[in-house]
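These are the residues of each chain, in order.
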Amino acid sequence: LNKVSPKDDFPLPHIDVLVDNTAKSKVFSFMDGFSGYNQIKMAVEDREKTAFITPWGTFCYKVMPFGLTNAGATYQRGMTTLFHDMMHKEIEVYVDDMIVKSGTEEEHVEYLSKMFQRLRKYRLRLNPNKCTFGVRSGKLLGFIVSQKGIEVDPDKVRAIRKMPAPRTEKQVRGFLGRLNYISRFISHMTATCGPIFKLLRKNQGIVWTEDCQKAFDSIKEYLMEPPILIPPVEGRPLIMYLTVLEESMGCVLGQQDETGRKEHAIYYLSKEFTDCESRYSMLEKTCCALAWAAKRLRHYLINHTTWLISKMDPIKYIFEKAALTGRIARWQMLLSEYDIEYRTQKAIKGSILADHLAHQPVEDYQPIKFDFPDEEIMYLKMKDCDEPVFGEGPDSESQWGLIFDGAVNLYGSGIGAIIVTPKGAHIPFTARLQFECTNNIAEYEACIMGIEEAIDLRIKNIDIYGDSALVINQIKGEWETRHAGLIPYRDYARRLLTFFNKVELHHIPRDENQMADALATLSSMYRVNRRNEIPTISIRCLERPAYVFATEEVVDDKPWFH
């Protein structure tokens, strides 16, 4: 019956768009139609076409059965007709899955009432066992949506992580199929799983090698903490980071928040070049990768200006080339409908997303936390500290300390900071300030210098001690910051603290802060020229008094060994 049925081309909603639209809300109700397809009646003249034989006789369907080639499109057309004025505003509909979404609980009650009236009017029924009302997060088409973004379904991750190493072609295809469904969460999936993809080439047996096992384990490790993706916001440009390798390409689509200082990851893409594409020059590969990524991400790019970050500028190559060959003409035609601007990586200074794609070796990558503002990701640095990559540094459970102090006197201004290791060792840092400042600014500079050094050491848990009650309490938020010159210091210090898992700030008396004070005072008294030349101070350990080896020669008749 399906072979001879004319195909209904009514489109199903784009899953990515539907999930993104849902995740922009705060309160959700998830509903499922009760035997959804069976709620649509078959045309009388078509009922006999669904006839089937049983031991008790020949029967036919009076309602639309599951399994018909056009069942999904028919049901979606019906739902779109009934709820067209509510879709993409108060509700989202994907075949028999319905989601009511809102920004507040009051709105949610109003939208639910409107939804139930519409269901009652058209005599549609719901399955109460699959309905959830008024929740802050829930499962939708294999994803978890909530106010904080889009997460991969833990059940799908658990199923992948429990899979044994595949040994047959069917098992390999099953593993890659599961990964493909959540590929928007996986950075460089194609390059990482390259050895496994090669097992499916024609005329090649399934031989599970050490490289395959390494890729298999890498993906499982990555999925221990997959990123949280954020839906795009209208009116802000998107940022596309494009990485092109010899045999594959990787892409991540991101967007800055309202402050312009943090980036959100929206979507990951990766692709293996075909045999023909792999023989392109690197610039043509970049053009090919951009064209393919733009086509895959069209539903995002068509509504936004997009900043392209890559090692080469494919836009200039495609649109300024005098003689257009076949493939360049195709790429030009494909990309002409988008507003894509090439930007250098320096234009998006300090971006962790860019650093990850451009510099992180594929065979040794680690998952980066992309759970934004309240989940620790990314912030564009304002100073020269190196933001930590997930998994780097000392034990994440170890506790470190930081002591800081600033000094302003007749000789100048200096700052000192000391990082205390879990075993009690001291790591000192000091600097002379070459600009006019108050004592409070010097204290803030010392605190920030110590925090940045702790970030460079990839420390996760830290206790911060200082003898400036003003600095400690302003950063903690317990004191109000009224001086305009201190507000940027307070805000910057708070942003830096988001790199740590746990931070505690403590005010200590001045006499307990003598080591940091000595460093600050010392640096304030040293003159530093414009070339930053300063004497190096090295501290040696002397285990004996100086006079011990200053012995005089004794002259007598006894041998030397007496």
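About the cut-offs
- Residues numbered from 1 in each chain as written.
- Predicted model: local features only at pLDDT ≥ 70, side-chain atom pairs only at ≥ 80, totals over all residues.
- Heavy atoms only, no water.
- Helix = DSSP H or I, 4+ residues; strand = E, 2+ residues; numbered from the N terminus.
- Buried < 20%, exposed > 50% of the residue type's maximum accessible area, 1.4 Å probe, protein only.
- Contact = heavy atoms within 4.5 Å.
- Pairing = 2+ DSSP bridges.
- Axes fitted to C-alpha atoms, helices over the stretch in contact; angles between N-to-C directions.
- Core = buried A, V, L, I, M, F, W, Y, C linked by side-chain atoms within 4.5 Å.
- Expected span 1.5 Å × (residues − 1).
- Phe/Tyr/Trp six-rings, centres within 6.5 Å; stacked < 30°, edge-to-face > 60°.
- Lys NZ or Arg CZ within 6 Å of the ring centre and 35° of its normal.
- Salt bridge = Lys/Arg side-chain N within 4 Å of Asp/Glu carboxyl O.

- An unreviewed UniProt entry lists the chain under the name RNase H type-1 domain-containing protein, from Trifolium subterraneum.

With respect to the side chain of Ser-413
Piece 1. Here Ser-413 shows up in strand E16 (residues 412-420).
Piece 2. Using a relative accessible area of 7% as the deciding quantity, one classes Ser-413 as buried.
Piece 3. In this structure Ser-413 touches Ala-407, Val-408, Arg-432, Leu-433, Cys-437 and Ser-524, once residues within four positions along its chain are discounted.

Some remarks on the pairing of strand E11 (residues 248-256)
Piece 1. Across the 9 residues of E11, 9 count as buried, placing the element largely inside the fold.
Piece 2. Here E11 shows no split at all, with Ser-248, Gly-250, Val-252, Gly-254 and Gln-256 on one side and Met-249, Cys-251, Leu-253 and Gln-255 on the other all buried.
Piece 3. Summarising the sheet, strand E10 (residues 238-244) and E11 pair through 7 bridges and their orientation is antiparallel. Within the sheet, the bridge partner assigned to Ile-239 lies in E11 and is Gly-254.
Piece 4. Here E11 folds back onto strand E12 (residues 263-272), and the loop between the two strands holds 6 residues, one of which, Gly-260, carries a positive phi near 75°.

Quick notes on the sheet that holds strand E14 (residues 339-343)
Piece 1. The mixed open sheet is built from 5 strands, whose spatial order is E12-E11-E10-E13-E14. In the strand order of this sheet, the two ends are held by E12 and E14, each with one partner. Taking each pair of neighbouring strands and ignoring which way they run, the sheet shows an average axis angle of 25°.
Piece 2. Where E10 meets strand E13 (residues 305-309), 4 bridges bridge the pair, whose relative direction is parallel. Across the sheet, Tyr-241 pairs through a bridge with Ile-309, a residue of E13.
Piece 3. The strands that helix H9 (residues 282-296) touches are E10, E11, E12, E13 and E14; relative to E10, the one it contacts most, it runs at about 135°.

Thoughts on the sheet that holds strand E7 (residues 137-140)
Strand pairing in a sheet takes place through backbone hydrogen bonds and is either antiparallel or parallel in direction.
Piece 1. Spatially, 3 strands are ordered E7-E8-E9 in an open sheet, and the strand pairing comes out antiparallel. Strands at the two margins of the open sheet, each flanked by one partner only, are E7 and strand E9 (149-152). The average undirected angle you get between the axes of adjacent strands in this sheet is 30°.
Piece 2. Taken together, the 4 bridges between E7 and strand E8 (residues 143-146) define a ladder with antiparallel strand orientation. From the neighbouring strand, Ser-137 faces E8, where its bridge partner is Ser-146.

Some points on the nonpolar core
Piece 1. Phe-83, Met-115, Phe-175, Leu-179, Ile-196 and Leu-223 are the most contacted members of the largest nonpolar core, which has 65 residues in total.
Piece 2. Apart from residues no more than four positions distant in its own chain, Phe-175 is found in contact with Ile-160, Met-163, Ile-196, Phe-216 and Ile-219.

A closer look at the pairing of strand E1 (residues 27-32)
Piece 1. The buried fraction of E1 amounts to 6 of the 6 residues, a majority that puts the element mostly inside the structure.
Piece 2. Side chains Val-27, Ser-29 and Met-31 project from E1 onto one buried face, and the interleaved Phe-28, Phe-30 and Asp-32 project onto a second face that is buried too.
Piece 3. For E1 and strand E5 (residues 97-102), the ladder comprises 6 bridges, and the chain directions are antiparallel. When the sheet's bridge partners are listed, Met-31 is paired in E5 with Met-98.
Piece 4. Looking at chain direction, E1 and strand E6 (residues 132-135) are connected through 2 bridges and run antiparallel. When the bridges of E6 are listed, Phe-28 appears paired with Val-135.

Regarding helix H14 (residues 439-456)
Piece 1. The terminal C-alpha atoms of H14 lie 26 Å apart, and with 18 residues this matches the ideal 26 Å at 1.5 Å per residue to within 8%.
Piece 2. Of the residues flanking the end of H14, it is Arg-458, one or two places downstream, whose phi is positive at about 60°.

Thoughts on the environment of Arg-47
Piece 1. Turning to its location among the elements, Arg-47 is positioned in the loop between E1 and strand E2 (52-54).
Piece 2. Arg-47 gets classed as partly exposed once you look at its relative accessible area, which sits at 22%.
Piece 3. Separated by 16 residues in the primary sequence, Arg-47 and Val-63 have C-alpha atoms spaced 8.3 Å apart.

Remarks on the packing of aromatic side chains
Piece 1. For the structure on display, the rule yields 11 aromatic pairs.
Piece 2. Through a chain of ring-to-ring contacts, the aromatic side chains of Phe-52, Phe-59 and Tyr-61 assemble into a single cluster.
Piece 3. Positioned above the aromatic ring of Tyr-181, the side-chain terminus of Lys-156 is 5.0 Å from the ring centre.

Considerations on the side chain of Glu-284
Piece 1. By the element assignment, Glu-284 lies in helix H9.
Piece 2. For Glu-284, the contacting residues outside a window of four places in its chain are Tyr-317, Arg-327 and Trp-331.

Quick word on the pattern of salt bridges
Piece 1. One pass over the full model with this rule turns up 24 salt bridges.
Piece 2. Note that Arg-184 and Asp-20 form a salt bridge whose closest N and O atoms lie 3.5 Å from each other. Residue Arg-184 is found in the loop between helix H5 (169-181) and helix H6 (189-192), and its partner Asp-20 is found in helix H1 (residues 15-23); the two are separated by 164 residues along the sequence.
Piece 3. Owing to a relative accessible area of 2%, Arg-184 belongs among the buried residues under this scheme.
Piece 4. Measuring nitrogen to oxygen at the nearest pair gives 3.5 Å for the salt bridge that ties Glu-90 to Lys-114. With Glu-90 in the loop between helix H2 (71-83) and strand E4 (91-94) and Lys-114 in helix H3 (residues 105-121), the pair connects residues that are 24 residues apart, well separated along the chain.
Piece 5. Looking at Glu-90, the relative accessible area reads 13%, which means it is buried.
Piece 6. Where salt bridges share partners, they join Lys-139, Asp-153, Asp-155 and Arg-158 into one cluster.

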